[in-house]
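Understanding the architecture of this molecule
The chain contents come next:
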Amino acid sequence: MKIYLVSSTDSSEFTRLKCSFARSTVIALDAEWKPQRSNTSSFPIVTLLQVACRLGHDDSDDDDVFLIDLTSIDLASVWEVLNDMLVSPDVLKLGFRFKQDLVYLSSTFTQHGCEGRFNEVKHYIDITSIYNHLQHKRFGRKAPKDIKSLAAICKELLDTSLSKELQCSDWSHRPLTEEQKLYAATDAHCLLQIFDVFKSNLVEEITLQDPKHTNVGLKDILNGSEDCTSKIVTAKLCKAADVIRTMTENGQNIANGMVSRKTTLNTMPMDENLLKIVRKYGEKILLKESDLLPRISKRKTRKRGASLKNVNTDKDLVCSVDWQGPPPWDSSLGGDGCPKFLLDVMVEGLAKHLRCVGIDAAVPPSKKPDSRELLDQALKEKRVLLTRETKLLRHQDLAKHQIYRVKSLLKNEQLLEVIETFQLKISENQLMSRCTKCNGRFIQKPLTLEEAIEAAKGFQRIPNCLFNKNLEFWQCMNCHQLYWEGTQYHNAVQKFMDVCKLSE
């Protein structure tokens, strides 16, 4: 994919955006905004709109992804281009629960004085709807009922990990980092890739369901079988009903003084397979007036005194996130002097980074432990509980010097924050000295190739390309995972030497 940042309507990127709209038959949409407190009385301001364009073919390498910077571009000038694309009957729009994004987008434009707003999206398909349909087709009534995240769908269908680390970063801050640009572009582009997987299944299903001779004359209908005749007449009546419905809607709009504006978007027509999908699964997002009114949080109905108490509590919690006093592994508290951490699900990705630099970083054995379980494990094992969950800080009176709230969002920055906060000493010899899978230690003596092959039987596959190399193998004493000093190992060592600034 090619990524373009569009910050002005006078730029070459904006010109390319309009050209891509005209050449695209499938467009994926996503939006980013600065996170805000849930009890606010207004919608978030959308600061970035991502548009991924499929340029009339299935080669994802040639797709254009535009990051439209709504903090700098003239909204009134870009509104017409965007709205024409959203209502175009020749473009299939893809999204992941995009209705909320559309509400926020429309609110953003009106709040900044733009007369137009986005009321509808025609020919729209939500990725979750198709995914759930295919799951039902595959498993029937036994299909999983849990709602999949976009990252989970990407992992299942594309076998790629979609990192959501930057989802809660400050999207109003400028300039955007390169990591933010790549994250935003990937979030929209993956919708096109997921649709590619769906497309072959959907076309095959629709082809099997639709009669192949719907375009036959009256003589063929009368001479055909009763069942075939019924299907053909039904199909023709449905098409006629669509025409009548469209004419009725247009007549109603004219009667109400709402004459439709001629679109400025001259797009390419969809191919036959895409049209089949749109006719079968396409829907319309239509915003009502009530959708554009922010929902007031139920918390605001509480007594004012209780609200003030909660606000004060939150302020106290925010003020108490800085670490104070010795950690539980300190010898003055009866510890062994070895740093140990327990990481909850909010910072679980940090655990692997800590293990890579030789730090003992455990995660809870259960997937959804409650606060008491986390605290009990941290106290029992003399660990510091790392989290980003503010509510856990309310237990600090019960677990003094036991909880630390990580402030950073990115794993590399989180690692540095923990190292600096707890004054951890990292050396090159410590790198890659722990099992990244389970946090275990390695056996002291390395294994030969023959010993490694024997240890891996029925458990782990050793690539054939390693057989002719004189490598040493290391095994985790806990989970028995095998490791060797290959390219991936050396790349990881170099990465963490750079992150921890050990090479300076």
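Residues numbered from 1 in each chain as written. Predicted model: local features only at pLDDT ≥ 70, side-chain atom pairs only at ≥ 80, totals over all residues. Heavy atoms only, no water.

Comments concerning the environment of Leu275
- Assignment of secondary structure puts Leu275 in helix α9 (residues 272-281).
- Measuring from C-alpha to C-alpha, the distance between Leu275 and Val91 comes to 9.9 Å, with 184 residues separating the pair along the chain. (Helix = DSSP H or I, 4+ residues; strand = E, 2+ residues; numbered from the N terminus.)

Brief notes about the sheet that holds strand β11 (residues 403-405)
- Reading across the sheet, the 4 strands line up as β9-β8-β10-β11 and stay open at both edges, with parallel pairing between neighbours. Pairing within the sheet leaves two strands with one partner each, and these edge strands are β9 (360-362) and β11. With direction set aside, neighbouring strand axes in the sheet form an average angle of 30°.
- Here 3 bridges tie strand β10 (residues 384-387) to β11, and the two strands are oriented parallel to one another. Bridge assignment links Leu386 to a residue of β11, and that residue is Tyr404. (Pairing = 2+ DSSP bridges. Axes fitted to C-alpha atoms, helices over the stretch in contact; angles between N-to-C directions.)

Structural notes on the packing of helix α11 (residues 348-356) against helix α13 (residues 411-421)
- Orientation of α11 relative to α13, taken along the N-to-C sense of each, is 65°, at an axis distance of 9 Å. The crossing of α11 and α13 is right-handed. Counting all contacts with α11, which are made through Gly349, Leu350, His353 and Leu354, the residues of α13 involved are Lys411, Asn412, Gln414, Leu415 and Val418.
- Each residue belonging to the contact of α11 with α13 can be placed in one class, and the counts come to 4 nonpolar, 4 polar and 1 charged. (Left-handed = near helix turned anticlockwise from the far one by under 90°. Contact = heavy atoms within 4.5 Å. Nonpolar A, V, L, I, M, F, W, Y, C, P; charged D, E, K, R; others polar.)

Topic: the sheet that holds strand β3 (residues 46-54)
- In space, the 7 strands of this open sheet follow the order β1-β4-β3-β2-β5-β6-β7, with mixed pairing throughout. Sheet topology places β1 (2-6) and β7 (283-286) at the edges, where each strand pairs with a single neighbour. The sheet shows a mean angle of 35° between the axes of neighbouring strands, direction not considered.
- Pairing between β1 and strand β4 (residues 64-69): 5 bridges, direction parallel. Note that in β4 the partner of Tyr4 across the bridge is Phe66.

Topic: a nonpolar patch on the surface
- On the surface, Met1, Ile3 and Leu182 cluster together into a nonpolar patch covering about 240 Å² of accessible area.
- As for its position among the elements, Met1 is in the segment before β1.
- Classification of Met1 as partly exposed rests on a relative accessible area of 32%. (Patch = residues over 30% accessible without salt bridge, like charges linked within 9 Å, V, L, I, M, F, W, Y side chains within 5 Å. Areas by Shrake-Rupley, 256 points an atom, 1.4 Å probe, with all protein chains shown as cover. Salt bridge = Lys/Arg side-chain N within 4 Å of Asp/Glu carboxyl O. Buried < 20%, exposed > 50% of the residue type's maximum accessible area, 1.4 Å probe, protein only.)

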